[in-house]
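Each chain, written out:
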Amino acid sequence: MSDKTSNQMWGGRFAAGPDAIMEAINASIGFDKRLAAQDIAGSRAHAAMLAAQGIITDSDAKAIREGLLTVLSEIESGDFTFSTALEDIHMNVEARLKEVIGEPAGRLHTGRSRNDQVATDFRLWVRDQLDAAETGLLALIQALLGQAEQGAEWVMPGFTHLQTAQPVTWGHHMMAYVEMFGRDLSRVRDARARMNESPLGAAALAGTGFPIDRHMTAEALGFDRPMGNSLDAVSARDFALEFLSVASISAMHLSRFAEELVIWSSAQFRFVTLSDRFSTGSSIMPQKKNPDAAELIRAKIGRIFGANVALMMVMKGLPLAYSKDMQEDKEQVFDAADNWMLALAAMEGMVRDMSANTSALEAAAAHGFSTATDLADWLVRETGLPFRDAHHVTGSLVAKAESKGCDLPDLSLEEMQDVHGNIDASVYDVLGVHNSVRSRMSYGGTAPQRVREQIAAWKERLA
Ligand code: ARG
């Protein structure tokens, strides 16, 4: 059949084929060919069910199911010629099946519609991506745990407003991201559990008069159950939106970490050295080693947010049930999924390979009066000053050190006593960064012992 005549799948009432522009705006095969494996799995389950229910013969079902495997292997080996005139993956597969097995192919579409077919295919595809995201997040978390374990004691500056605030440990900082990616992981699992229901058999929108068994196809495709409302089954895309929302939140975490790596790897900070495997050089400046992977993670994340907003826009005005607008769901999700997986893998690689410059971290931790809070706390504990007053006294000491161009531990005892007479030499114990972090023993605090407990708890949780 030539592309100029009416469509072989739905062309019965059409005298002429579509305008070329119509074909261009209508066709989705350019992108939904990525659903081929899911489409064929769904059709094979449907054919088996039709035969089990006596709706088609066993021999037709056998021919259909085997023919579909032939089509799949043609697609996988690149031997398949996709046709734009056949619009989408569903009709491309069915048309090829007809060429391969002949007449029985025409019985496959009994008791279903492309509307439940595409909803099923897309759910299966998104489900695979949630599984891939789970794997990617777990690998990243393991890489972070490795860094945290190694550097549970290493001291670095903790920041607020990107100003030195208090010393923290490297392990503590790494574990902050373990918490974030751990929540992403639990969101992925929640989303998967919620979306794992089968739309297949909802047919066009109202169900079908054929005695189909939706539980059988649901089970065959690994769904927990069939969806309970056929109108909802064909028109729901919240599973895809939830995927994009979960991806967006995770991407936001990836981007924040990427931003830190860009800052940390700069010559001004020198907190980390990224491996050659995850850096690039400059074509003009021979000394440069650029954190391109981190920068690209930071940038690509915008596409994931964009996909989330774009699909919200597609869906927000659609009356029930199916509208062709919904065909615009796929490219957004495909692009977001590709970039999320890539960002997860790139981040994992960078984290695994990066090395912390412990001396630069410690030197930076000691600068910027990072133990001023420890000093104020000491005044409260040892001299009985109310915290507000201790804060004021410490502020004066900081001003004094600043005017001398030194750090707090460099002030002499006499200079300290000029500001507050009750200060004695034991104050120097709390001014060192190691004692500072060791003292922060509150639950979830930065003390190496607390950090090690959290590492152990996470390892047990993930085991
Ligand atoms: N290519 C379509 C999509 O992606 C498949 C469903 C078409 N259904 C229809 N009634 N035109 O949404």
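In what follows, the structure referred to is the one given above.
Everything numeric here is computed off the predicted structure, so don't read it as measured data.

## Side note on the overall build of the protein chain
Line of reasoning, step 1. Each helix and strand in the protein chain was counted, giving 19 helices and six strands.
Line of reasoning, step 2. At 31 Å, the protein chain has a C-alpha radius of gyration far larger than the 23 Å of a compact globule built from 463 residues.
Line of reasoning, step 3. Contacts spanning at least 24 positions in sequence make up 74% of the contacts within the protein chain whose residues lie at least 6 apart.
Line of reasoning, step 4. With the model as given, the accessible surface of the protein chain reaches about 21,300 Å², and the carbon-plus-sulfur share is 52%.

## Remarks on the packing of aromatic side chains
Line of reasoning, step 1. Under the defined criterion, the tally for this structure stands at 13 aromatic pairs.
Line of reasoning, step 2. Ring centres 4.7 Å apart and planes at 50° place the aromatic pair phenylalanine 80 and phenylalanine 82 in the tilted group.
Line of reasoning, step 3. In this structure phenylalanine 82 comes out as partly exposed when scored by relative accessible area, which is 27%.
Line of reasoning, step 4. Ring plane angle 45° and centroid distance 6.3 Å describe the contact between tryptophan 264 and phenylalanine 271, whose orientation is recorded as tilted. Comparing tryptophan 264 with phenylalanine 271 shows no difference in burial state: the two are buried.

## A closer look at the packing of helix H4 (residues 58-76) against helix H5 (residues 89-101)
Line of reasoning, step 1. Put simply, H4 and H5 touch, their axes get as near as 9 Å, and they point 115° apart. In terms of axis orientation, H4 runs roughly perpendicular to H5. The hand of the H4/H5 crossing is right-handed. Contact residues: H4 offers Ala63, Ile64, Gly67, Leu68, Thr70, Val71, Glu74 and Ile75, while H5 offers Val93, Arg96, Leu97, Val100 and Ile101.

## What about the pairing of strand S2 (residues 163-169)?
Line of reasoning, step 1. Bridge count between strand S1 (residues 155-160) and S2: six bridges; the pairing is antiparallel. Within S2, the position partnered with methionine 156 by the bridge is valine 168.

## A look at the layout of surface pockets
Line of reasoning, step 1. There is about 290 Å³ of room inside the second largest pocket.
Line of reasoning, step 2. Around the second largest pocket sit 15 residues that line it, and His172, His173, Met175, Ala176 and Tyr177 are the ones nearest its centre.
Line of reasoning, step 3. The set of elements that each furnish at least two residues to the lining of the second largest pocket consists of helix H7 (170-195), helix H10 (238-264) and helix H19 (448-462).
Line of reasoning, step 4. Of the residues in the lining of the second largest pocket, the class split is six nonpolar, five polar and four charged.

## Considerations on the environment of histidine 391
Line of reasoning, step 1. Tracing the backbone through its elements, the reader meets histidine 391 in helix H15 (residues 387-404).
Line of reasoning, step 2. Residue classification places histidine 391 among the partly exposed positions, given a relative accessible area of 47%.
Line of reasoning, step 3. With twelve residues separating them along the chain, histidine 391 and leucine 379 place their C-alpha atoms 8.8 Å apart.

## Some thoughts on the site of the ligand
Line of reasoning, step 1. Taken together, Ser28, Asp32, Asp88, His90, Arg114, Asn115, Val118, Tyr322, Gln327 and Lys330 make up all the residues around the ligand.
Line of reasoning, step 2. Separating an oxygen atom of the ligand from a side-chain N or O atom of lysine 330 is a distance of 2.6 Å.
Line of reasoning, step 3. Within the complex, the protein chains bury 86% of what would otherwise be the 340 Å² of accessible surface of the ligand.
Line of reasoning, step 4. Element by element, the count of residues in the shell around the ligand is highest for helix H6 (residues 114-150), at three residues.
Line of reasoning, step 5. When grouped by side-chain class, the residues that make up the shell around the ligand number two nonpolar, four polar and four charged.

## With respect to the pattern of salt bridges
Line of reasoning, step 1. Under the counting rule described, the total for this entry stands at 28 salt bridges.
Line of reasoning, step 2. Of the charged contacts in the structure, one is a salt bridge between arginine 34 and aspartate 338, with a shortest N-O distance of 2.9 Å. Taken as a pair, arginine 34 in the loop between helix H2 (29-32) and helix H3 (36-52) and aspartate 338 in helix H12 (residues 329-353) lie far apart in primary sequence, 304 residues in all.
Line of reasoning, step 3. Look at arginine 34 and you get partly exposed, because its relative accessible area is 37%.
Line of reasoning, step 4. Its relative accessible area of 34% is what places aspartate 338 among the partly exposed residues.

## Focus on H4
Line of reasoning, step 1. Compared with the 27 Å implied by 1.5 Å per residue over 19 residues, the 27 Å span of H4 between its first and last C-alpha is a close match.
Line of reasoning, step 2. Of the surrounding secondary structure, the elements contacted by the buried residues of H4 are H3 and H5.
Line of reasoning, step 3. Within two residues after H4, glycine 78 carries a phi angle of roughly 85°, on the positive side.

Rules behind the numbers
Residues numbered from 1 in each chain as written. Predicted model: local features only at pLDDT ≥ 70, side-chain atom pairs only at ≥ 80, totals over all residues. Heavy atoms only, no water. Helix = DSSP H or I, 4+ residues; strand = E, 2+ residues; numbered from the N terminus. Rg over C-alpha atoms; globule rule 2.2 N^0.38 Å. Contact = heavy atoms within 4.5 Å. Areas by Shrake-Rupley, 256 points an atom, 1.4 Å probe, with all protein chains shown as cover. Phe/Tyr/Trp six-rings, centres within 6.5 Å; stacked < 30°, edge-to-face > 60°. Buried < 20%, exposed > 50% of the residue type's maximum accessible area, 1.4 Å probe, protein only. Axes fitted to C-alpha atoms, helices over the stretch in contact; angles between N-to-C directions. Parallel < 35°, antiparallel > 145°, perpendicular 65-115°, else oblique. Left-handed = near helix turned anticlockwise from the far one by under 90°. Pairing = 2+ DSSP bridges. 1 Å grid on protein atoms, 1.4 Å probe; cavity = no way out; pocket = protein on both sides within 12 Å on 5 of 7 lines; lining within 4 Å. Points joined across faces, edges and corners; volume = space filled by probe spheres on them. Nonpolar A, V, L, I, M, F, W, Y, C, P; charged D, E, K, R; others polar. Near = heavy atom within 4 Å. Polar contact = N/O pair within 3.5 Å; in protein donor to acceptor, adjacent residues only side chain to side chain. Salt bridge = Lys/Arg side-chain N within 4 Å of Asp/Glu carboxyl O. Expected span 1.5 Å × (residues − 1).

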